[in-house]
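Listed below are the residues making up each chain.
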Amino acid sequence: MSEVFEGYERQYCELSANLSRKCSSMSLVSDQEQKQQKLSEIKAGLDDADVLIRKMDLEARSLQPSVKAMLLAKLREYKSDLNNLKKEFKRITSPNADEAAREELLGTGMADTHLASADQRERLTMSVERINQSSERIRESHRTLLETEELGVSILQDLHSQRETLLNSHKRLYGIDDAIDKSKKVLTTMSRRITRNKWIVASLIGALVFAIVVILSYKLSR
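Residues numbered from 1 in each chain as written. Predicted model: local features only at pLDDT ≥ 70, side-chain atom pairs only at ≥ 80, totals over all residues. Heavy atoms only, no water.

Looking up the chain in an unreviewed UniProt entry gives the name t-SNARE coiled-coil homology domain-containing protein, with the organism given as Flemingia macrophylla. UniProt annotates the chain under Sequence similarities (unreviewed entry) with the comment "Belongs to the VTI1 family." Taken verbatim from the UniProt record of the chain, the Subcellular location (unreviewed entry) comment is "Prevacuolar compartment membrane". (UniProt positions renumbered as here; feature names shortened; annotations may be inferred.)

Next up, the structure:
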């Protein structure tokens, strides 16, 4: 959620609670000068609340659609609350406000109006809490998604490193195989040369034996 929106939200909730207390206490003020001062304070507070509502609206509409929808739902509750405060201010500034205040003190029908207003504020508070809980779940899901993404990146990096290791091992094995093939060729060549040399030596020995036999035969015949 936007920190800017949350700041405006806190200011509005504090201001709304303060205005509600002032409106409720107006029936207890009898001095006209004090009453006019409190009415001026309430009017200024309502103007400030209007400014905060407009700021929250602009901030909410500048955010992503998923967050925007959630914040605009909150904002509708705050606008409804502000309208009720304005109606209450209009009532206490009406020409028959003193008579209405006396009826309220006597426990007439205005008690139901205040009860309904308190009930609505309670529902507003519950709605805000539910929306805050939903926001927290969304933030938690976002954190989990980021952690999962980081884990996936780490796994991919490990797999890439293992792939490089396997490729290097394959290259080394290929080099060993090539060296073994060359060694086999050298040994085969040497074996052939040894075999050929054996035949040459055997031929020489046979020729010498044959020559000795011929010489012996020649001497014996004489």
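Colleague: Any chance you could break down the overall build of the chain for me, citing the residues and the numbers?
Modeller: Helix and strand content of the chain: 5 helices and 0 strands. Secondary structure elements of the chain occur, N-terminal to C-terminal, as α-α-α-α-α. For the chain, the proportion of its 222 residues judged to be buried stands at 23%. When contacts within the chain are restricted to residue pairs at least 6 apart in sequence, long-range pairs at least 24 apart make up 73% of them. Only carbon and sulfur atoms are counted for the fraction: they give 59% of the accessible area of the chain, which is about 16,400 Å². (Helix = DSSP H or I, 4+ residues; strand = E, 2+ residues; numbered from the N terminus. Buried < 20%, exposed > 50% of the residue type's maximum accessible area, 1.4 Å probe, protein only. Contact = heavy atoms within 4.5 Å. Areas by Shrake-Rupley, 256 points an atom, 1.4 Å probe, with all protein chains shown as cover.)

Colleague: Break down the packing of helix H1 (residues 3-25) against helix H2 (residues 32-61) for me, citing the residues and quoting the values.
Modeller: H2 packs onto H1 with a crossing angle of 155° between their chain directions and a minimal axis gap of 9 Å. On the basis of their axis angle, the class for H1 and H2 is roughly antiparallel. For the crossing formed where H1 meets H2, the hand is left-handed. The residue inventory of the contact of H1 with H2, partitioned by class, reads 14 nonpolar, 3 polar and 7 charged. (Axes fitted to C-alpha atoms, helices over the stretch in contact; angles between N-to-C directions. Parallel < 35°, antiparallel > 145°, perpendicular 65-115°, else oblique. Left-handed = near helix turned anticlockwise from the far one by under 90°. Nonpolar A, V, L, I, M, F, W, Y, C, P; charged D, E, K, R; others polar.)

Colleague: Give a detailed account of H2, specifying residues and quantitative values.
Modeller: Spanning 30 residues, H2 covers 43 Å between terminal C-alpha atoms, matching the ideal 44 Å at 1.5 Å per step. All of the buried residues along H2 are Lys35, Leu39, Ile42, Gly45, Leu46, Ala49, Leu52, Ile53, Met56, Asp57, Glu59 and Ala60. Capping of H2 at its N-terminal end is provided by Asp31; its side-chain oxygen lies 3.2 Å from the backbone amide nitrogen of Glu33. (Expected span 1.5 Å × (residues − 1). Polar contact = N/O pair within 3.5 Å; in protein donor to acceptor, adjacent residues only side chain to side chain.)

Colleague: Outline the UniProt feature "transmembrane region" (unreviewed entry) in the chain, listing residues and values.
Modeller: As recorded in UniProt, the sites labelled "transmembrane region" (unreviewed entry) are residues 199-218. Across residues 199-218, helical content stands at 100% and strand content at 0%; the span's end C-alpha atoms are separated by 28 Å.

Colleague: I'd like a description of the packing of H1 against helix H3 (residues 65-92), backed by residues and values.
Modeller: Relative to each other, H1 and H3 sit at 25°, their axes nearing to 11 Å. Taken together, H1 and H3 sit at an angle that is classed as roughly parallel. Of the two possible hands of crossing, H1 and H3 adopt the one that is left-handed. Seen from H1, the contacting residues are Phe5, Glu9, Tyr12, Cys13, Ser16, Leu19, Ser20 and Cys23; seen from H3, they are Leu71, Lys74, Tyr78, Asp81, Leu82, Leu85, Glu88 and Ile92. Of the residues in the contact of H1 with H3, the class split is 10 nonpolar, 2 polar and 4 charged.

Colleague: For the nonpolar core, give the residues involved together with the corresponding values.
Modeller: Within soluble globular proteins, side chains that are nonpolar generally end up buried alongside one another. The biggest cluster of nonpolar side chains holds 26 residues, and the ones touching the most others in it are Tyr12, Ile42, Leu46, Ile53, Met56, Tyr78 and Ile92. Listed by contribution, the elements that provide at least two residues to this core are H1, H2, H3 and helix H5 (110-221). Considering each element in turn, this core owes the most residues, 10 residues, to H3. (Core = buried A, V, L, I, M, F, W, Y, C linked by side-chain atoms within 4.5 Å.)

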